[in-house]
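Topology and contacts: notes
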Amino acid sequence: MSRLTCLLVCFFVSVTRGFEIPTSGLPEFAEYGDLVELAPGKFQFAPEKQRFQRSVSGESGETMDDVDQVTLYSYKVQSTITSRMANTFIQTKVVNNSPRPQNVVFDVQIPKGAFISNFSMTVDGTTFTSSIKEKTVGRALYSQARAKGKTAGLVRSRALDMENFKTEVNVLPGAKVQFELHYQEVKWRKLGSYEHRLHLQPGRLAKHLEVDVWIIEPQGIKFLHVPDTFDGHFDGVPVLSKGQQKAHVSFKPTVAQQRKCFNCSETAVDGELVVMYDVNREEKAGELEVFNGYFVHFFAPNNLDPIPKNILFVIDVSGSMWGIKMKQTVEAMKTILDDLRAEDKFSVVDFNHNVRTWRHDLVSATKSQTADAKKYIEKIQPSGGTNINEALLRAIFILNEANNLGLLDPESVSLIILVSDGDPTVGELKLSKIQKNVKQNIRDNISLFSLGIGFDVDYDFLKRLSNENRGIAQRIYGNQDTSAQLKKFYNQVSTPLLRNVQFNYPHTSVSDVTQNSFHNYFGGSEIVVAGKFDPEKAEQLQSIITATAANTELVLETLAEMDDLEEFLSKDKHADPDFTKKLWAYLTINQLLAERSLAPTAAAKRKITKTILQMSLEHHMVTPLTAMVIENEAGDERMLADSPPQDHSCCSGALYYGSKVAPSSVPSWVNPSPTPVIPMPVLGAQVLEATPPPHVMRVENDPHFIIYLPKNEKNVCFNIDSEPGKILNLVSDPELGILVNGQLTGAKKPKNEKLRTYFGKLGFYFQSEDMKIEISTETITLSRGSRTSILSWLDTARVINQRVLVSVKKEQTVTVTLNKDLSFSVLLHRVWKKHPINVDFLGIYIPPTNKFSPKAHGLIGQFMHEPKIRIFNERPGKDPEKPEASMEVKGHRLIVTRGLQKDYRTDRVFGTEVSCWFVHNSGKGFIDGHYKDYFVPQLYSFLQRP
C-alpha cells in the first residue's frame, strides 16, 4: 500500500481585535534599521517611539521531531509593495530523511488576479528554471521531454477566491529539494485601505519560518494595521516597524511558537497574515509618479460632498437565504434605508424564481417611504430558486425608464447593489449569457455592485459582472456577520463623490494609457491610471482631471516630480525600480482580458488576443493565454504549468509528503494517523465494487420516492411537487447524529405548464465524526471541522475518515458508508447540456436497515421502522395498465395505483423497471403529516418535529 501524507490547507478569516498606528510624531528614516518598532506581535496599540525586543527564530535548546520522514528545513515568504505594486516570493527547503523515496508536493495559494512571474526548484543538485511560452508552444515542448516523477500545474479553487500553484517531485533518500515561486499583484483600495493577504500553510513545523512584508509608499503611510487572524496564538510574535514612507512587518515564530500546543507536532501556522494600510492624500489631483519610462496616477480625493444617488437594491430571497442570512440582511437593510438622504431616490427588487418590486418606480427617500420599504423587507419569507438574470434586467429597466422619462436629477449617480448567496437555478442559467444580457441593457452611467454571501456563491461570476459594469464585488463567508459586512460594503459603494471623471495628459510624450476606473468615483476607493512616458519629448508630465462634484465642475491639475521619486527609490534596497512598468502591464492585460470576453467580432477578439499574448511574453506573466515551462539545464526534463480545468482532487495550499501514489489520490486529511508524526494512510484509486442490494429505498427523477417495505415485500412510491431551492429532510436521526437532506433544483423551463424539480444537491452530516459531505452535480465537498476539500466527479477515489468511507466512481456514483454497515449511494445523471428543459440531477439509494435509532424520521427515515400496511381490493383503474387498490396505513385508508418506476443502479441510461403502489397527493396519508413539514432551512439542519 503506497502512503502519502497530505496536510490540507485550512483557510479562515477571524474578525478579531486589531490595532492602528497613526503617523503623527514618527520621524522619517533613511534605512530600515532605523524604523520605529511598533508592538512586536501584540494585537493592540503601541505608544509612539517605544522599542521592543524582536522574537528570534531557532532559540537554543529547541528541537524538531526526529521521527519526521521529511523535514521542512525552511519556509520563507517575502513581499515588497512599492506604490501599491506587490511582488511576493515563497521559498521552501525540504530534506528527505526517509530510507525510501518520498513524494514532496509544493502547493501554494495565491490570490486570484495575481500573475505568476517565475518559478525555480533544485532537486538533489539539479536545478529547474522557468520560461513563459504561448500555451500551445509550451504544451508541445512539454510533450517532447516530460520530466519523470515530477508534475506541475495551476489549479483554480472555486471556494476560496484563490488559485493554487502545485508541483510534485519524487525525492530520493537523503536528497534535498528547494522550491521558489514569484508572483505579483496590484493592491486596490477598498473601504479606505489597502489589504495585503499572505496565505501561510507550511503544512508542518519548520526549523526556520520567516515572513517579511516591506512597504514603500512615496506618498507617505497614513496608518498600518495588522488584525489578529490566528486567534491569539501568536501574541508577541509579529513585529511592526514604520516611518513616514516605509514600513516593515516581520513574522518569525520559533518552532516552539509554531506548535498548536506544548506537546503537539502539528503547526498552528495555517491561515492568513493580513497587512492593512493607507497612504497620505494631499488636497490635490492625486499622486502622479513617473519612473523608467512609465507613469502611474493614483486618484482618491477627500473632503467632497456626496452626490445624490438613484439606488436599486436587488436582494436574493431564495430558499438558501432562509434563517440567519436573511435575518441579518433585513437588519442591515433597515439601517441602510435610514442612511439614505432626502435627495436620494431608491427602490427594492427581491427575487427567487420570481421577481418582485416594492415600487415599480424610483421614489424619494422620505421618512414615510423608507419606513414602508422596511415593513416590506421585514415580511419577506425566503423560498424557491434563484433567477438572477431577470432580477438584474428588471432593476436596469427601472433605472433606464426613469432616465428616459426625465425623472432623475441630471447631477445624480445611478447604481445597483446585488446581494446574493448562490448561483442561478431558474431562468437563464448560463453565466456568460447573463453577463451579456446585463452588458447590453445597462447604460454607461449605471454602476453595478455585487455582494456574494457564503461559500456556495460563484464569486468569480459576481466579480466579472461588477467589473464589466463600473462596479466592484465583495464576498463575505458564512462565518461572518452578514449584517455588519453588508453595511460596511454599502458605506463604501454608496457615497458617490464625483461623476464623469476624465483624465487628460496634454503631451505627445504620453501613450498607451489604461486605467482601472469607472466614470464615477466613490469614497473609499481609488482610480488608478498608468501609461508610457517619453522623457525626451517632455521634461515634466502634466495631468488635467475634469469631473463633476456636487453642484460644481472641477478641473484639477498636477505635475509629476520625477527627480524626487528617483532619488527616493534609489536609496531603498527593497524598492522595485520597475513598479511603474509592472503596474502598467498588469492594468493593461487585465483590461484587455475583459475586452476580449466582450469582443463583438471574431476579428476583434483575435486582435486583442494577439496583444495580450505579446504583453504576457514580454512581461513574463502566466495568463490564460500562456504557460510556464519548467525545465532542467539540459532541457531533457520538463514540467508544464498553465491553467487546466478545475482539479479539486487533493489538498490545496500546503506542502505534503509521502511515497508515490496514483494521480487521482484524494485528500489525506480525512485519514487520521495513529500519532501526529506518522504518515497517514491513503487508499488507492480503486472504489468499492459490489452487487447492489436488490431492495432499497430510493429517490429518482423529479423526485420520485420509492419506499421498500421488507416485511410486506412491497414497494410504495410517491412524488413530491415543490419549488426550486427548497431543502427536504430525507433522514434525521438526532440520537445517532445522522442527517441526510436534499435541495431541489428546477428544470430550465416549464413543460406542459409545470416546472419539474430534481435533487441538485445532497448533504450528509455525521455529527459524532464532525463530518459533512455535500454532493452536487459538479463537486463532492468533504468538511471536517474547519477543514474543507473538494473532489470532482472526474475523480475516482476512496477516502476514509474514522468510521466514514467515501467512495467516488468517476462520473457515476458516490457511496458513503458509516461504520461499514450503513450505506448511502448517490447516482449522477448527466443530460445533454443544450437540452431545452432538462438539467443534471442526483438520485439517492438507501438500503432498509435497523441501524437507526427509534427517533429516526424524515421522508425516508420514518420508514426505517416499518409501518403496518394492508393492501386489498385490487381492481381495474382508469388506465387499464394501472390497477387500483385500497391501502390501510397509519390509520388512513388510501386509494393507490400500481405503476412502474426506475432503478438506475445497474443500467444508468435506461434504468430497470420497479413495480410499486403509488400514493397520490405527495404521499399524503402514507408519510407523517404534510410534505411541507419536511422543509428545513439549511442543508445541514436537523428536522424539527412538533
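Note that the structure is a prediction, hence the values are computed from the model and not measured.

Here we take up the overall build of the protein chain. Helices and strands together make up the secondary structure of the protein chain, namely 12 helices and 53 strands. Within the span of the protein chain, comprising 946 residues, buried residues form 59% of the whole. Put simply, 69% of the contacts in the protein chain that link residues at least 6 apart link residues at least 24 apart.

Quick look at the state of the cysteines now. All chains considered together, the criterion is met by 2 disulfides. Cys 717 shares a disulfide with Cys 916; S-S distance 2.1 Å. Its S-S torsion of approximately 65° makes the covalent link between Cys 717 and Cys 916 right-handed. Of the two residues, Cys 717 is situated in strand 38 (residues 714-719) and Cys 916 in strand 53 (residues 912-919); the sequence distance between them amounts to 199 residues. With respect to burial, Cys 717 and Cys 916 carry one shared label: buried.

What follows covers the pairing of strand 5 (residues 85-96). Of all 12 residues making up strand 5, 10 are buried, and the element is well covered by its neighbours. Across 12 bridges, strand 4 (residues 70-82) lies against strand 5 in antiparallel orientation. Its bridge partner lying in strand 5, Thr 80 is registered against Asn 87. Where strand 4 folds back on strand 5, the antiparallel hairpin that results is connected by 2 residues, among which Ser 83 adopts a positive phi of roughly 50°. Note that strand 5 and strand 11 (residues 176-186) share 11 bridges and pair antiparallel. Opposite Val 94, over in strand 11, you have Val 177 as the bridge partner.

Next up on the list: the packing of helix 10 (residues 579-597) against helix 11 (residues 602-618). As a packed pair, helix 10 and helix 11 sit with axes 10 Å apart at the nearest point and diverge in direction by 155°. In this view, helix 10 runs roughly antiparallel relative to helix 11, as classed from their interaxial angle. Considering only the axes of helix 10 and helix 11, their crossing is left-handed. For the pair formed by helix 10 and helix 11, the contact residues are Trp 584, Ala 585, Thr 588, Ile 589, Leu 592, Leu 593, Glu 595 and Arg 596 on the first element and Lys 605, Ile 608, Thr 609, Thr 611, Ile 612, Met 615 and Ser 616 on the second. Here the residues of the contact of helix 10 with helix 11 are counted per class, giving 8 nonpolar, 4 polar and 3 charged.

Turning to the pairing of strand 17 (residues 271-279), a few remarks are in order. Burial of strand 17 is extensive: 9 of the 9 residues sit out of reach of the surface. Note that strand 12 (residues 194-200) and strand 17 share 7 bridges and pair antiparallel. Within strand 17, the residue paired with His 199 across the bridge is Glu 272. Where strand 14 (residues 221-225) and strand 17 come together, 4 bridges link them in antiparallel fashion. Bridge assignment links Leu 224 to a residue of strand 17, and that residue is Tyr 277.

Running from amino to carboxyl end, helix 6 (residues 431-441) crosses helix 7 (residues 459-467) at an angle of 20°, the nearest separation of the two axes being 10 Å. Regarding the angle of helix 6 to helix 7, the classification is roughly parallel. As helix 6 runs across helix 7, the sense of the crossing is right-handed. Between helix 6, through Leu 431, Ile 434, Gln 435 and Val 438, and helix 7, the contact on the second element is made entirely by Phe 461, Arg 464 and Leu 465.

Among all residues save glycine, negative phi is the norm, and among peptide bonds the norm is trans. Positive phi values are uncommon outside glycine, yet Ser 83 reaches one of about 50°. On the basis of relative accessibility, which here comes to 0%, the residue Ser 83 falls in the buried class. Positioned with a positive phi, Arg 84 is a non-glycine residue whose angle comes to about 75°. Tracing the sequence through the fold places Arg 84 in the loop between strand 4 and strand 5.

Let us now look at the environment of Ser 193. If you trace the backbone, Ser 193 turns up in the loop between strand 11 and strand 12. On the basis of relative accessible area, Ser 193 is assigned to the buried category, the value being 9%. Linking Ser 193 and His 225, residues 32 residues apart in sequence, is a C-alpha distance of 9.7 Å.

Below, the discussion takes up the nonpolar core. Core analysis: the largest hydrophobic core is formed by 61 residues, its most contacted members being Leu 730, Phe 764, Phe 766, Ile 773, Ile 860 and Phe 926. Once you skip the residues sitting within four places of it in the chain, Ile 860 turns out to touch Met 697, Val 699, Phe 705, Ile 707, Leu 730, Val 731 and Ile 846. Formed by 56 residues, the second largest nonpolar core is a distinct cluster that contains Tyr 75, Val 94, Phe 165 and Ile 215.

Rules and cut-offs
- Residues numbered from 1 in each chain as written.
- Predicted model: local features only at pLDDT ≥ 70, side-chain atom pairs only at ≥ 80, totals over all residues.
- Heavy atoms only, no water.
- Helix = DSSP H or I, 4+ residues; strand = E, 2+ residues; numbered from the N terminus.
- Buried < 20%, exposed > 50% of the residue type's maximum accessible area, 1.4 Å probe, protein only.
- Contact = heavy atoms within 4.5 Å.
- Disulfide = S-S within 2.5 Å.
- Pairing = 2+ DSSP bridges.
- Axes fitted to C-alpha atoms, helices over the stretch in contact; angles between N-to-C directions.
- Parallel < 35°, antiparallel > 145°, perpendicular 65-115°, else oblique.
- Left-handed = near helix turned anticlockwise from the far one by under 90°.
- Nonpolar A, V, L, I, M, F, W, Y, C, P; charged D, E, K, R; others polar.
- Core = buried A, V, L, I, M, F, W, Y, C linked by side-chain atoms within 4.5 Å.

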